[in-house]
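These are the residues of each chain, in order.
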Amino acid sequence: MLGMVALPPPPVARPSRRPPSTALLRRGRTLASLPCRCRCRCGRRHLLGASSAAALLPLIAPPSPAAPPIDPDVSSFTVPPGTRSSMRDVMLERVHPSRPDWYEELYATAMDKGMKSYEAEIAGYKAKLFSQLMATGKNILELGVGTGPNFKYYASSNGVNIIGVDPNKHMEDYARTAAVSAGLPLSNFTFKRGVAESLPAEDNSMDVVIGTLVLCSVSNIEMALKEINRVLKPGGLYLFIEHVAAPDDSFLRFVQGALDPLQQFVADGCHLTRKTGENIRDVGFSNLTLDSVRLSNAYIISPHVYGVACK
């Protein structure tokens, strides 16, 4: 596991901002720089060492065989609406093959109990990002909703309707509990089992899509981003926080490359070397604020990107 690898101490954290390559301002507003004082170990189920119980689960019940490569041309955004439901079921099984029920239940429990310290550390960072949702539309889809740790930042707004998407059905009970704690009526929350590559929502139906530390583990990142763009209304927002690869030729990038296969095995398919910021920029959102930061106490996954994209 990651905690057993002796690594040199990280450099002093210096939050950075990508130099603007294009005019990427959302209707004249920029996303405030988020000075992070937290010690990030990455997402709710994606990081090596984030939860010892969760990290051991693949050793107890090895993951199902890898799904075959997905053809981006055969996805929900290229098929008639009437066939999307069956396509989603097929895509779910291809991207996230079924595992034993006890395994997924234990995994959900491990995530609910094992990520509390992480959420406490990153709370200020998330609060500033989610402040962008004030006075925004009311139909929200959260991708990779998990146990619902983000609800407390936005779910209390009046009239909000949330669709939480996750491939693990056992996340639902935890997500519903988090929704109630956040002040969201259960009548305003719908849990749907699904994957990013085939979102269970109609075209142009969502005011906001949220994804925090999700794209590191999707099977096809380009397809997932196209799906996000598909379900957003014109002018809709995509809020994201993702860990990314370190700069090419850096020592950290070398370490990430060496540990990437192990990370994928123990952390539900999480990749350490993705250049997610570039993928988001290439989708073709009409406006985008994209910032980067290097977290001082999350060495292996310290480089992050965060921001808001507008369809």
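First, a word on what this report is: a plain description of the structure on this page. Residue numbers restart at each chain and count upward from 1, following the sequence in its written direction. A pLDDT threshold of at least 70 governs which residues receive local features in this predicted model, and a stricter bar of 80 or more applies before side-chain atom pairs are shown or counted, although totals over entire chains, interfaces and linings include all residues. Side-chain measures were taken over the full set of non-hydrogen atoms in the model, leaving aside hydrogen atoms and water.

Attention now goes to the sheet that holds strand β3 (residues 189-193). Any two strands between which DSSP finds at least two bridges are classified as paired. Helical segments are the DSSP runs of H or I of at least four residues, strand segments are the runs of E of at least two, and each set is numbered from the N terminus. One open sheet holds the seven strands; their spatial order is β3-β2-β1-β4-β5-β7-β6, and the pairing between them is mixed. Each end of this open sheet is capped by a strand with a single partner; those strands are β3 and β6 (287-294). Here the average twist between neighbouring strands, direction ignored, is 15°. The pairing of β6 with strand β7 (residues 303-310) spans eight bridges and is classified as antiparallel. If you follow Asp-291 over to β7, its bridge partner there is Tyr-306. When checking whether two residues touch, look at their non-hydrogen atoms; a contact exists if any pair is within 4.5 Å. In this analysis an axis means a line fitted to C-alpha atoms, helices contributing only their contacting stretch, and an angle means the value between N-to-C directions, from 0 to 180 degrees. The strands touched by helix α6 (residues 171-181) within the sheet are β2 (161-166) and β3, with β3 carrying the most contacts at an inclination of about 160°.

Throughout, exposure labels follow a simple rule: accessible area from a 1.4 Å probe, protein chains only, divided by the maximum for the residue type, with under 20% read as buried, over 50% as exposed, and the rest as partly exposed. Of all five residues in strand β1 (residues 139-143), four are buried; the element is thus mostly enclosed. Two strands pair when backbone bridges link them, and β1 and β2 are joined in this way by five bridges, in the parallel orientation. Each residue of the ladder has a partner; that of Leu-141, found in β2, is Ile-163. Sheet analysis places β1 next to strand β4 (residues 206-212), joined by four bridges and oriented parallel. Bridge pairing in β4 places Ile-140 opposite Val-208.

It is worth spelling out the environment of His-304 at this point. Topologically, His-304 is positioned in strand β7. Considered as a pair, His-304 and Ser-292 are 12 residues apart in the sequence and their alpha carbons are 5.6 Å apart. Polar contact is defined as a pair of N or O atoms within 3.5 Å, subject to the rule that within protein one atom must be able to donate a hydrogen and the other to accept it, and that residues adjacent in sequence are counted only when both atoms are side-chain atoms. Within the structure, the side chain of His-304 is placed 3.2 Å from the backbone oxygen of Ile-301, a separation counted as a polar contact.

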